[in-house]
Amino acid sequence: MIVYWFYYVFAAFFALIGNQRKANNITNQQSINIDGLWWIFILALTILIGLRHEVGGDWDNYIRIFTEISLIEGLSDISLSGDPGYQVLNYFSHLFGFGIYGVNVICALIFSIGLTMFCRNLPRPSLALAVAIPYLIIVVSMGYSRQAVALGLAMIGLVYLGRNKKLLFIFLIFFATTLHKSAILLLPIYVLSSTKNKFWSIVWLGIVAISFFIVFVADTVAIIYSNYTNLEDIASQSDGAFIRLAMNLVPACIYLLFYRRFNLSRIEKPLWWWFSIITIGLMILYFVLPASSALDRIALYMIPLQLVVFSYLPDIFGRSNAIHRWIILAILTYYSLVLFVWLNFATHSHFWLPYQNLIFLW
């Protein structure tokens, strides 16, 4: 447990002493260059996530996947309907003798770089990082390897989408979809947030998305639907889904209420507006649909909204450094409570405790 708190306190310390970064006067965007300290964090985070041993609720499931892939004869046996990108990672990790740890390290590295780029794109990156640790890093990246690496690529894509590099965003989302099919859900957000040539964007994107859907997704839709919506399937009811949806709901409401105060680019403003609307919609669906697990997994892609809103929040409501510090302290206190409650009272937190790392098992 102390390992998790160490990472959080480290990020919280820099969040408290840090100042708001100034955006470029011409582009109104932050520099996403990764300097030395952030590379150290990427390394530390990759070790934490990638070399974990028997940590995370789905550990046994990923061992099973790795074992199944280790039995195939070649890449030609990779199934296009079963997250082929993730299968390829498992295949080569087995081929070179790295085991499940090789898979996890690659996934952790991609996730860590994606998270770092996303935080660096915000005015208070250390605060965004601290916000990410209790759930996005500890729970998601260490519990859902496939969705975490897909989310890492998605966060890189969102950064470039905000810089009007739409083709790169689409490519990264398609790449993420090979690692976890749920990532394709982010493509409609691109269309909804597009302000120019919307008709042709919808037509073109629709053709590409349908083609990609046929190749990668169609074969398993029935299975996914059955797993997530069968009332008799206990797994479809995700423990704590309401709490996690509510965690996204708070920043969504803040963003919609104070939309005009966020100093975002013309592309980013509607993007996060739609993230907020979708978040509220997911909360409404929670009380209507029985498959809370499906909503919970979709909501994972809405988590970046927390980082955006809380990174901007101190400077939206505070006009002096003293007020900024109090707002930052309040945010950090809130997320420290999230971490405390999850570690001590969450139904499945025992899968994360005690933390074990391959380095210390040698």
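Structure: see above.
Residues numbered from 1 in each chain as written. Predicted model: local features only at pLDDT ≥ 70, side-chain atom pairs only at ≥ 80, totals over all residues. Heavy atoms only, no water.

A. Local environment of the overall build of the protein. Looking only at helices and strands, one finds 16 helices and zero strands in the protein. For the protein, buried positions account for 52% of its 362 residues. Long-range contacts, defined as pairs at least 24 residues apart, comprise 77% of the intrachain contacts of the protein with a sequence gap of at least 6. A total accessible area of about 16,900 Å² is found for the protein, and carbon and sulfur atoms account for 69% of it. (Helix = DSSP H or I, 4+ residues; strand = E, 2+ residues; numbered from the N terminus. Buried < 20%, exposed > 50% of the residue type's maximum accessible area, 1.4 Å probe, protein only. Contact = heavy atoms within 4.5 Å. Areas by Shrake-Rupley, 256 points an atom, 1.4 Å probe, with all protein chains shown as cover.)

B. Summary view of the packing of aromatic side chains. All told, the structure shown has 27 aromatic pairs when counted by the stated rule. Between the aromatic rings of Phe171 and Phe175, the centroid separation amounts to 6.4 Å while the plane-to-plane angle is 35°, which identifies the pairing as tilted. Of this pair, Phe171 and Phe175 are both found in helix 8 (residues 166-179), four residues apart, which corresponds to roughly one turn of the helix. On the basis of relative accessibility, which here comes to 52%, the residue Phe171 falls in the exposed class. Members of the aromatic cluster, joined through ring pairs, are Tyr91, Phe92, Phe96 and Phe98. Residue placement shows Arg146 over the ring face of Tyr86; its charged tip is 6.0 Å from the ring centre. The aromatic ring of Tyr259 is capped on one face by Lys269, whose charged end is 5.2 Å from the ring centroid. (Phe/Tyr/Trp six-rings, centres within 6.5 Å; stacked < 30°, edge-to-face > 60°. Lys NZ or Arg CZ within 6 Å of the ring centre and 35° of its normal.)

C. Structural view of the environment of Glu73. Tracing the sequence through the fold places Glu73 in the loop between helix 3 (59-70) and helix 4 (84-95). Owing to a relative accessible area of 76%, Glu73 belongs among the exposed residues under this scheme. Along the backbone, Glu73 and Tyr91 are 18 residues apart, and their C-alpha atoms lie at a distance of 9.6 Å.

D. Here's a closer look at helix 7 (residues 145-161). The first and last C-alpha atoms of helix 7 sit 24 Å apart over 17 residues, in line with the 24 Å expected at 1.5 Å per residue. In terms of burial, helix 7 is largely enclosed, as 17 of its 17 residues are buried. (Expected span 1.5 Å × (residues − 1).)

E. Expanded view of unusual backbone geometry. Of the consecutive residues Leu353 and Pro354, the connecting peptide bond is found in the cis state with omega at -10°. Along the chain, Pro354 falls in the segment after helix 16 (321-345). Unlike most non-glycine residues, Glu54 shows phi in positive territory, near 55°. Structurally, Glu54 can be placed in the loop between helix 2 (36-50) and helix 3. For Asn164, which is not a glycine, the phi torsion comes out positive at approximately 65°. Take Asn164: it is sitting in the loop between helix 7 and helix 8.

F. Main features of the environment of Tyr255. Assignment of secondary structure puts Tyr255 in helix 12 (residues 241-257). Sequence separation between Tyr255 and Val309 is 54 residues, and the spatial gap between their C-alpha atoms is 6.6 Å.

G. Region of the structure containing the environment of Tyr301. Secondary-structure assignment places Tyr301 in the loop between helix 14 (292-299) and helix 15 (304-317). Sequence separation between Tyr301 and Gly152 is 149 residues, and the spatial gap between their C-alpha atoms is 9.9 Å. Not counting residues up to four positions away in its chain, the partners in contact with Tyr301 are Gln147, Ala150, Leu151, His180, Ser182, Ala183, Leu186 and Phe275. There is a polar contact of 2.8 Å between the side chain of Tyr301 and the side chain of Ser182. (Polar contact = N/O pair within 3.5 Å; in protein donor to acceptor, adjacent residues only side chain to side chain.)

H. A look at the pattern of salt bridges. Inspection of the entire model under this criterion finds five salt bridges. Notably, a salt bridge pairs Glu68 with Arg64, separated by 2.9 Å at the nearest N-O pair. One end of the pair, Glu68, and the other, Arg64, are both in helix 3, four residues apart, so they sit about a helical turn from each other. With its nearest N and O atoms 3.0 Å apart, the salt bridge here joins Asp83 to Arg146. With Asp83 in the loop between helix 3 and helix 4 and Arg146 in helix 7, this residue pair connects regions lying 63 residues apart in the sequence. When salt bridges that share partners are traced, they join Asp83, Arg146 and Lys181 into one network. (Salt bridge = Lys/Arg side-chain N within 4 Å of Asp/Glu carboxyl O.)

I. Expanded view of empty space enclosed by the protein. On inspection of all chains with the given rule, the structure shows three cavities of 30 Å³ or more. Roughly 60 Å³ of internal volume is contained in the largest cavity. Phe118, Asn121, Leu122, Leu158, Val159, Gly162, Leu264, Glu268, Leu271, Trp272, Val308 and Tyr312 are the residues that line the largest cavity. Those elements giving two or more residues to the lining of the largest cavity turn out to be helix 7, helix 13 (268-286) and helix 15. For the lining of the largest cavity, the element with the most residues is helix 13, which contributes three residues. Of the residues belonging to the lining of the largest cavity, the class tally is nine nonpolar, two polar and one charged. (1 Å grid on protein atoms, 1.4 Å probe; cavity = no way out; pocket = protein on both sides within 12 Å on 5 of 7 lines; lining within 4 Å. Points joined across faces, edges and corners; volume = space filled by probe spheres on them. Nonpolar A, V, L, I, M, F, W, Y, C, P; charged D, E, K, R; others polar.)

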